[in-house]
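Observations on the three-dimensional arrangement
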Amino acid sequence: MARRQEKSSGMANCVIWIVAFTVLAGFFWPRAPGMVCMSLAFIGLLHMAVLVYEEIAGAKFREDMSPREFEHYCAAVLREMKWKARVTQASGDQGVDIVAEKRGMRIVIQCKKYSKPVGNRAVQEIVAAIAHEGARRGVVVATADYTPAAVKLAASNQVLLLRHADLRRIDRLLARSAT
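Residues numbered from 1 in each chain as written. Predicted model: local features only at pLDDT ≥ 70, side-chain atom pairs only at ≥ 80, totals over all residues. Heavy atoms only, no water.

This brings us to a nonpolar patch on the surface. On the surface, Val15, Val19, Val23, Leu24, Phe27 and Phe28 cluster together to form a nonpolar patch covering roughly 530 Å² of accessible area. Structurally, the position occupied by valine 19 is in helix H1 (residues 2-28). Note on valine 19: relative accessible area 47%, which makes it partly exposed. (Patch = residues over 30% accessible without salt bridge, like charges linked within 9 Å, V, L, I, M, F, W, Y side chains within 5 Å. Areas by Shrake-Rupley, 256 points an atom, 1.4 Å probe, with all protein chains shown as cover. Salt bridge = Lys/Arg side-chain N within 4 Å of Asp/Glu carboxyl O. Helix = DSSP H or I, 4+ residues; strand = E, 2+ residues; numbered from the N terminus. Buried < 20%, exposed > 50% of the residue type's maximum accessible area, 1.4 Å probe, protein only.)

See the structure below:
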């Protein structure tokens, strides 16, 4: 919801930008300041086009997703965040649903589309997966909350526990939890 408001606010700002610089261009046309203002209006138009494209092409969460579709959704969000993310095979994945890399940092991710709180087992599996995949960090992404025991185990093993809505902030959350 907040992301949608952020997008519409960005669109409104673009429209204001475009109108303001187009009006200014009219006052100064055809001199150099008018051309600069028209160029700035054009840049606003390009930015608005990018916002519209992201809204149309971006990964969208749906409550009726299957667990496998949820894994692909999480990988798509990571790709939007400039991670190189691949979904592992459905069985025999050693507790890893996604392997992602960015700037030399490899992370392993387990995706849990649950309606009840996620427990210790997910954290235990991702801890084992970190060593198995040679990753620096492990992340569990869930649609539900986590049990207190899972939170405690994750904290002692440097595992990041996220809700699916927080996945777009993964870079900041990984940086913050590393210190």
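So, about helix H4 (residues 120-133). Taking 1.5 Å per residue, 14 residues should reach 20 Å; H4 reaches 20 Å between its end C-alpha atoms and fits that length. Within the span of H4, buried status applies to Ala122, Val123, Ile126, Ala129, Ile130 and Glu133. The buried residues of H4 occupy an angular sector of 120° when the element is viewed end-on, so they sit on one face. For H4, the exposed residues lying more than 90 degrees away from the buried face are Arg121, Ala131 and His132. With its phi angle positive at about 65°, glycine 134 sits one or two positions after the end of H4. (Expected span 1.5 Å × (residues − 1). Arc of directions from axis to C-beta.)

Let's shift gears to the sheet that holds strand S1 (residues 84-87). Sheets are built from strands that pair by backbone hydrogen bonding, the pairs being arranged parallel or antiparallel. Strand order in this open sheet of 5 strands is S1-S2-S3-S4-S5, and the pairing throughout is mixed. With one partner strand each, in any of the chains shown, S1 and strand S5 (159-163) form the two edges of the open sheet. The sheet shows a mean angle of 25° between the axes of neighbouring strands, direction not considered. Relative to strand S2 (residues 98-102), S1 runs antiparallel, the two being bridged by 4 bridges. Bridged to arginine 86 within S2 is valine 99. Contacts from helix H3 (residues 67-80) reach S1, S2, strand S3 (105-112) and strand S4 (137-142) within the one sheet, and its direction differs from that of S1 by about 170°. In the packing of H4 onto the sheet, contacts are made with S1, S2, S3, S4 and S5, and the angle to S3 comes to roughly 150°. (Pairing = 2+ DSSP bridges. Axes fitted to C-alpha atoms, helices over the stretch in contact; angles between N-to-C directions. Contact = heavy atoms within 4.5 Å.)

Let us now look at the side chain of arginine 137. Structurally, arginine 137 can be placed in strand S4. Here arginine 137 occupies a buried position and makes no salt bridge, while the nearest side chain of opposite charge, aspartate 171, is found at 11 Å. Polar side-chain contacts of arginine 137 include one of 3.0 Å to the backbone oxygen of glutamine 158. (Lys, Arg positive; Asp, Glu negative; His and termini not counted. Polar contact = N/O pair within 3.5 Å; in protein donor to acceptor, adjacent residues only side chain to side chain.)

Before going further, it helps to spend a moment on the pattern of salt bridges. Throughout the structure, instances matching the rule amount to 9 salt bridges. We note a salt bridge from aspartate 145 to arginine 163, for which the minimum N-O separation is 3.0 Å. Separated by 18 residues along the polypeptide, aspartate 145 in the loop between S4 and helix H5 (148-156) and arginine 163 in strand S5 bring together distant segments of the chain. Residue arginine 163 is classed as partly exposed on the basis of its relative accessible area of 30%. Put simply, aspartate 166 and arginine 169 hold a salt bridge, and the shortest N to O gap is 3.8 Å. Relative accessible area serves as the criterion here: at 26%, aspartate 166 is assigned to the partly exposed category.

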